[in-house]
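# Survey of secondary and tertiary structure
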Amino acid sequence: MDQASLGLGLWSVVCAAFIVLAVGAMIFVGRLNAHLRQAKAVLEREVCQRKAAQAQLAQNEKRLRQIIETEPECVKVHSRDGTILEMNPAGLQLVEAGSASDVIGISVYELVAPDFATAYRSLVEKVFAGAVEKLEFEIISLKDRRLWMETHAAPLTDSNGIVTAVLAITRNISAQKRYEQQMRQQYRELAHASRLDTMGQLATMLAHELNQPLTAIANYSKGALLRLRNSQGREEVIGAMEHICAQSERAANIIRSLRGFVSQTEEELSCLSINEVVEQALSIAQIEALARNVSVECEFSNDLPSVLGERTQLEQVVLNIVRNGFEAMEQVPASGRMIKVITRSGSNGMAHVRIEDTGPGLPPEELDTLFTPFLTTKRAGMGLGLSISRSIIEAHGGRLSATQNVKGRGLSFTFDLPPSNEQRVLQ
Ligand code: ADP
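Reference entry: report on the structure contained in this document. (Residues numbered from 1 in each chain as written. Predicted model: local features only at pLDDT ≥ 70, side-chain atom pairs only at ≥ 80, totals over all residues. Heavy atoms only, no water.)

Turning next to the overall build of the protein chain. Secondary structure assignment for the protein chain yields eight helices and twelve strands. Taking 2.2 N^0.38 as the reference for a compact globule, 427 residues should give roughly 22 Å; the C-alpha atoms of the protein chain span a radius of gyration of 42 Å, well beyond that estimate. Judged by the C-alpha coordinates and their principal axes, the protein chain covers about 175 × 55 × 45 Å. Burial status across the protein chain gives 36% buried among its 427 residues. Averaging the positions of the 44 positive and the 49 negative side-chain charges in the protein chain gives two centres separated by 2 Å. (Helix = DSSP H or I, 4+ residues; strand = E, 2+ residues; numbered from the N terminus. Rg over C-alpha atoms; globule rule 2.2 N^0.38 Å. Buried < 20%, exposed > 50% of the residue type's maximum accessible area, 1.4 Å probe, protein only. Lys, Arg positive; Asp, Glu negative; His and termini not counted. Charge placed at Lys NZ, Arg CZ, Asp CG, Glu CD.)

Written as structure tokens, this is what we have:
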């Protein structure tokens, strides 16, 4: 092969290689374009979807805002330390704020009444632990008015599920509280009227009961005087004086327990020993028990939880039930008339009281109607004693019921009261 034909051959190879490379490059560029177009389309679609999602989000947020703005209850958001971050117009009205700037940024504890601050703090901590909580509490509005509120609080979380704030929906329950207060007052007056009625019925027996220490005091005084006049021994006079002291104490005790029982003043809630409450009520009932020849027996447990309550009201329950028992046993021969009061620690740590009589009892179908107001089988009865007693026990967080005695005749009334460490407010 000569040199010219070799050069031509090489040239042809280079040209062919170049053509192959050029075609390859064109195919590559074509494919790249196609990919780019596809990627662009995907990107455009995604941008479109994102825009649509953002528009939807904005619309949802707008709708949510509108709902919150027009929501008749107070909607507020505050941080863990209580800083108010948001409050809707209903909320502003509720706390009597002129504008949002009056409350945004201040602490919720500037509104919560000081005596409810601890309860509110505990609600916030529970919400930050993820719970949904409810609380009734009082606020002091920006115009210095105390108002009752009920709030439902839930956690607000970020995208990682971490609680960042409290979302609370609060409503004004002052009117409802006022109504409840009025009802409580009326019920108190009714309970007081019932106690006065009981005292009216016991008046003759009480006069007799008081007469005994008074007569004894008079007699011992006369004796002491006589001895002094006759210049008798000092020891004998001292003995008489000691009797006088003991009898005056006895009379004073009777009067003290009666005065407490008929008093109308609203009592403070206190931690009570239920055994002492029963003993106090029985000391009043004892007067009637003697007159009616009823023996009263007690079986007290020393292992009882103390209960949180109003002493007079709980005494009233025991006295009502015991006196009903006395009346129910009227037709029973004197030797068989017995009231037994048993106290023990009941289920769930409750203080349990059971009062049994040996009267005729009642058929099972009549047991629950006993508590119906104005239902009485007595000529002078009002039919309110048991319904008032049930309301008192329920207001103390307990339950009063009647059952036919399993052994022997008669009825048993039982009630349970929660221990004082279960913090409660009387209903
Ligand atoms: P009241 O004593 O004025 O009648 P209560 O509400 O205390 O009103 O009692 C309602 C009724 O329940 C009584 O009239 C009586 O018929 C019945 N009752 C109450 N306690 C007993 C009891 N221990 N045994 C039988 N019946 C009873």
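Let us now look at the sheet that holds strand S1 (residues 74-78). Pairing is antiparallel across the open sheet formed by five strands, whose spatial order is S2-S1-S5-S4-S3. A strand with exactly one partner marks an edge of an open sheet, and here the two such strands are strand S2 (84-87) and strand S3 (133-140). On average, each strand axis in the sheet is inclined to that of its neighbour by 30°, with strand direction left out of account. As paired elements, S3 and strand S4 (residues 146-157) share eight bridges and run antiparallel to each other. Looking at S4, one finds that glutamate 138 is bridged to tryptophan 148. Each of S3, S4 and strand S5 (163-172) touches helix H4 (residues 174-229); the most contacted strand, S4, lies at about 130° to it. (Pairing = 2+ DSSP bridges. Axes fitted to C-alpha atoms, helices over the stretch in contact; angles between N-to-C directions. Contact = heavy atoms within 4.5 Å.)

Here we take up the pattern of salt bridges. Counted according to the given criterion, the structure contains 21 salt bridges. The partner of glutamate 330 in a salt bridge is arginine 292, with the nearest N and O atoms 3.0 Å apart. Of the two residues, glutamate 330 is situated in the loop between helix H7 (311-328) and strand S9 (338-345) and arginine 292 in the loop between helix H6 (274-291) and strand S7 (295-299); the sequence distance between them amounts to 38 residues. For glutamate 297, the salt bridge goes to lysine 340, with nearest N and O atoms at 4.0 Å. Taken together, the positions of glutamate 297 in strand S7 and lysine 340 in strand S9 put the pair 43 residues apart, joining distant regions of the chain. Among the residues examined, glutamate 297 registers a relative accessible area of 36% and is labelled partly exposed. Among the charged side chains, a salt-bridge network with shared partners connects Glu288, Arg292, Arg323 and Glu330. (Salt bridge = Lys/Arg side-chain N within 4 Å of Asp/Glu carboxyl O.)

What follows covers the packing of aromatic side chains. Here the structure, examined in full by the defined rule, presents four aromatic pairs. Taken together, a centroid distance of 5.4 Å and an interplanar angle of 75° make the contact between phenylalanine 116 and tryptophan 148 edge-to-face. Here phenylalanine 116 is found in the loop between helix H2 (89-94) and helix H3 (117-128), whereas its partner tryptophan 148 is found in strand S4, with 32 residues between them in sequence. An aromatic cluster is built from Tyr109, Tyr120 and Phe137, whose rings are joined through pairwise contacts. For lysine 177, the ring lying beneath its charged end belongs to tryptophan 148, and the centroid distance is 4.5 Å. (Phe/Tyr/Trp six-rings, centres within 6.5 Å; stacked < 30°, edge-to-face > 60°. Lys NZ or Arg CZ within 6 Å of the ring centre and 35° of its normal.)

Turning our attention to the pairing of strand S11 (residues 399-404). The sheet contact formed by S11 and strand S12 (residues 411-417) spans six bridges and is antiparallel. Bridged to alanine 402 within S12 is phenylalanine 413. Connecting the antiparallel pair S11 and S12 is a turn made up of six residues, with glycine 408 showing a positive phi of about 75°.

Note on placement: glycine 325 falls in helix H7. Taking the relative accessible area as the measure of exposure, glycine 325 reaches 2% and is therefore buried. In this structure, the C-alpha to C-alpha distance between glycine 325 and leucine 411, residues 86 residues apart in sequence, is 8.1 Å. Filtering out sequence-adjacent residues up to four positions away, glycine 325 remains in contact with Ile339 and Asp357.

Another point: the site of the ligand. The immediate surroundings of the ligand are formed by 16 residues, with Asp357, Thr376, Thr377, Lys378 and Gly383 found nearest. Measuring from an oxygen atom of the ligand, one finds a backbone N or O atom of glycine 383 at 2.8 Å. Protein contacts shield 90% of the accessible area of the ligand, which totals 540 Å² for the unbound molecule. Those elements that provide at least two residues to the shell around the ligand are H7, helix H8 (385-395) and S12. The class makeup of the residues in the shell around the ligand is eight nonpolar, six polar and two charged. (Near = heavy atom within 4 Å. Polar contact = N/O pair within 3.5 Å; in protein donor to acceptor, adjacent residues only side chain to side chain. Areas by Shrake-Rupley, 256 points an atom, 1.4 Å probe, with all protein chains shown as cover. Nonpolar A, V, L, I, M, F, W, Y, C, P; charged D, E, K, R; others polar.)

The first and last C-alpha atoms of H4 sit only 71 Å apart over 56 residues, clearly below the 82 Å expected at 1.5 Å per residue. Of all the bends in H4, the greatest, near 60°, is centred on alanine 203. Note on H4: the residue one or two positions beyond its end, serine 231, has a positive phi of about 55°. (Expected span 1.5 Å × (residues − 1). Bend = angle between axes of the 7 residues up to and from the residue.)

Okay, the pairing of S2 next. Bridge count between S1 and S2: three bridges; the pairing is antiparallel. Note that in S2 the partner of histidine 78 across the bridge is isoleucine 84. Counting the residues between successive antiparallel strands, the hairpin from S1 to S2 contains five residues, one of them, glycine 82, with a positive phi of roughly 100°.

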